[in-house]
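As a plain string of letters, each chain reads:
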Amino acid sequence: MYKSFAGQYEPQKNNLQQEFEAKNDILRSGFLEVAPVDYLSTIFPDKGYEDELIVVFGTVKDKSGSIIERGTVKRIRLEDIWDITWRSNAYIPYCDFIKNYYHSKTLKSVKAFVVDCDGITSTRLKKILKYLWSSLPAEPTHIVNSGQGVHLVYVLSEAVDVKGLRWSVNKLNETIQDTFSRLLNVDKHPVVHPYRFPGFLTKINTVATAFKVREPYTFEELMKVFKLQPKKAKGTEKKSKQKGELLVLPNGRRAFFEWVLRKLFMNPPIPGRRHNSFFALGIVAYKCRREVPYEEALETIPMVYEDMMDRNLHIGFTIEEAYSAFQKGYNPKYVRASWKYLCGLLGWEYRPNKRNGRSREEHLRYLQKLRRIQKEEKEEHIKRLIARGYTKSEIAEMLGMTRRNLNKTYGYLFK
């Protein structure tokens, strides 16, 4: 049997750690312990060593409440996952996402459904397994001892694609959590929520462990057990056509980010524009996050601030305020921000494009009108040439088109 990581800890244990070990003993007596590597391959069987997993890092604070490390999302190769198991703030969602972009709207498939039970002591765990287990509609496939609580995991034998089944997936997740909330203290989360995986350090300085209860379910089996009928959410198609509901992914290029930076280096933010300028830089950095990593974007803040100091433009504006403004702009809700809006924040001159401020619809109507006028003028010109006795071949050559196209487009003028 696999020797758990938790068993390797030898320092003096406090009460919480003793409770954690007691829960491990109870679970070992009834279920097979699963190695962290095997558990990860059970959840992500389609991932190779070179493939990336989404890892969510929570915000770390000290005892006074000051932020030591801000939360972020990173993509880490599968073979490098075990290098970060010492992080107690690292969590992994049981899902796959479109282009590996972590967002509820880019959810591609779901690997498992998780019930996060908080405050589960060894006594309560024993009560669940002995007296409440038989009342469950379906046993979980795995139990994860995650620290002060446990995760009851329903692993799917095959990941369910949410396309066309988003309502069913969310409803099943909600129903499973509601079922356990009548018996236990459950923290309810959406399907995209990340959880601590076995092998990772917990907040009480133990290592999370996993135990196998039974074989995985199919999605249809779980829907049947929890008495749900698959169906699409009402009005899904209508909502997808509304402009405000369209998903816009950050697809800015590095060249755009560097161009904005060069302009800021040459013309540092002036008083009255300093907060807005770093806010705009955060928006641009998020738009370009696919090619410009978050850590690299952060490093540009002191560079811009240093240029402000050289010109004495920093007085009354600290670098902490610059970081704060940047973080506010580095947000998915500003990914649709227009260039006109960014110019307003930065205090730069906004130069409209070739439409000269017209909307797309107005510009199309303008072009149609322009083409109609041009066609009428060309018709008058052809009539004058016909009156002068020119042949079709001569007229076609003068207009720069073939005789065939002339006859096809303006043939009615020769009748």
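Scroll up to find the structure this text is about.
Residues numbered from 1 in each chain as written. Predicted model: local features only at pLDDT ≥ 70, side-chain atom pairs only at ≥ 80, totals over all residues. Heavy atoms only, no water.

### Considerations on the packing of helix α8 (residues 274-287) against helix α10 (residues 319-329)
Using the following cut-off: For helices, the fitted axis covers only the stretch in contact; all axes are lines through C-alpha atoms, and the angles between them, taken along N-to-C directions, range from 0 to 180 degrees. Numbering of helices and strands runs from the N terminus; a helix is a DSSP stretch of H or I covering at least four residues, while a strand is a stretch of E covering at least two. Should an angle fall under 35 degrees it is taken as roughly parallel, and over 145 as roughly antiparallel, whereas 65 to 115 is taken as roughly perpendicular and any remaining angle as oblique. With the far helix as reference, a near helix turned anticlockwise by less than a right angle produces a left-handed crossing, and one turned clockwise produces a right-handed crossing. Contact criterion: two residues are considered in contact whenever any of their non-hydrogen atoms come within 4.5 Å of each other.
Where α8 contacts α10, the axes come no closer than 7 Å and their chain directions differ by 40°. As far as their axial angle goes, α10 and α8 are oblique. Handedness of the α8/α10 crossing: right-handed. Of α10, the residues touching α8 (which contributes H275, F278, F279, L281, G282, I283 and A285) are A322, A325, F326, K328 and G329.

### Considerations on the nonpolar core
The test is simple: Residues enter a nonpolar core if they are buried and are Ala, Val, Leu, Ile, Met, Phe, Trp, Tyr or Cys, with the set joined through side-chain atoms within 4.5 Å. Remark: exposure states derive from per-residue accessible area (1.4 Å probe, protein chains only) relative to the maximum for the residue type, with buried under 20%, exposed over 50%, and partly exposed in between.
Counting residues in each nonpolar core, the largest one holds 41 residues, and the members touching the most others are V110, F113, Y154, L172 and F180. Elements supplying a minimum of two residues to this core: α1 (15-30), β2 (52-57), β7 (95-97), β8 (107-117), α3 (122-132), β10 (150-161), α4 (166-181) and α5 (219-225). Excluding residues within four positions of it along the chain, F113 makes contact with L152, V153, Y154, L156, V169, L172, N173, I176, V191, F219 and L222.

### Remarks on the pairing of β2
How we decide: Should DSSP find at least two bridges between two strands, the strands are taken to pair.
Of all the six residues making up β2, five are buried; the element is thus mostly covered by neighbouring parts of the structure. With six bridges connecting them, β2 and strand β5 (residues 72-77) associate as antiparallel partners. Across the sheet, the residue bridging to L53 is I76, located in β5.

### What about the packing of aromatic side chains?
Inclusion rule: Side-chain rings of Phe, Tyr and Trp (the six-membered ring for Trp) are treated as a pair once their centres are within 6.5 Å; stacked means planes under 30 degrees apart, edge-to-face means over 60, and tilted covers the remaining angles. The criterion is that NZ of a Lys, or CZ of an Arg, lies within 6 Å of the ring centre and within 35 degrees of the ring normal, and then a charge sits over that ring.
Following the criterion strictly, the structure yields 19 aromatic pairs and no others. Seen from their ring centres, W259 and W348 are 6.2 Å apart, and the 85° between their planes marks the pair as edge-to-face. On the criterion of sequence distance, the pair formed by W259 in helix α7 (residues 254-266) and W348 in the loop between α11 (339-346) and α12 (360-387) is long-range, its members being 89 residues apart. Of the residues examined, W348 reaches a relative accessible area of 15% and is grouped as buried. Ring pairing ties together the aromatic residues Y39, F44, Y94, Y195 and F197, which thus form one cluster. We note R214 situated over the ring of Y217; from NZ or CZ to the ring centre the distance is 3.9 Å.

### Topic: the pattern of salt bridges
We apply this condition: The rule for a salt bridge is simple: a side-chain nitrogen of Lys or Arg has to be within 4 Å of a carboxyl oxygen of Asp or Glu.
In this structure the tally under the stated criterion is 15 salt bridges. Of the charged contacts, one joins E295 and K74 as a salt bridge, the two residues approaching to 3.6 Å between their closest N and O atoms. With E295 in helix α9 (residues 294-310) and K74 in strand β5, the pair connects residues that are 221 residues apart, well separated along the chain. When its relative accessible area of 37% is taken as the criterion, E295 is described as partly exposed. Salt-bridge contacts for E296 lead to R254; the nearest nitrogen and oxygen are separated by 2.8 Å. Highlighted residues: E296 in helix α9 and R254 in helix α7, separated in sequence by 42 residues. We classify E296 as partly exposed; its relative accessible area is 29%.

### Quick word on the side chain of H151
To keep things clear, this is the line we draw: N or O atoms closer than or at 3.5 Å make up a polar contact, with two conditions inside protein: a donor-capable atom paired with an acceptor-capable one, and, for residues adjacent in sequence, both atoms drawn from side chains.
With respect to the element layout, H151 can be found in strand β10. Overall, H151 belongs to the buried group, its relative accessible area being 5%. A polar side-chain atom of H151 sits 3.5 Å from a polar atom in the side chain of S146. Once you skip the residues sitting within four places of it in the chain, H151 turns out to touch V114, V115, D116, H142, I143, V144, S146, Y195 and R196.

### Considering the pairing of strand β9 (residues 142-145)
In β9, alternate side chains face the same way, and those of H142 and V144 on one face and I143 and N145 on the other are all buried. Between β9 and β10, which follow one another and run antiparallel, lie four residues, and G147 among them has a positive phi close to 135°. Pairing of β9 with strand β13 (residues 209-212) involves four bridges; the strand directions are antiparallel. The partner of H142 across the bridge, within β13, is K212.

### Some words on the environment of F279
Secondary-structure assignment places F279 in helix α8. Accessibility expressed as a relative area gives 10% for F279, which makes it buried. For the pair formed by F279 and Y323, sequence separation is 44 residues and the distance between their alpha carbons is 8.9 Å. Apart from the residues within four sequence positions on either side, F279 is in contact with A325, F326, K328, G329, Y334, Y341 and L345.

Interpretation in functional terms is not warranted from these geometric data alone.
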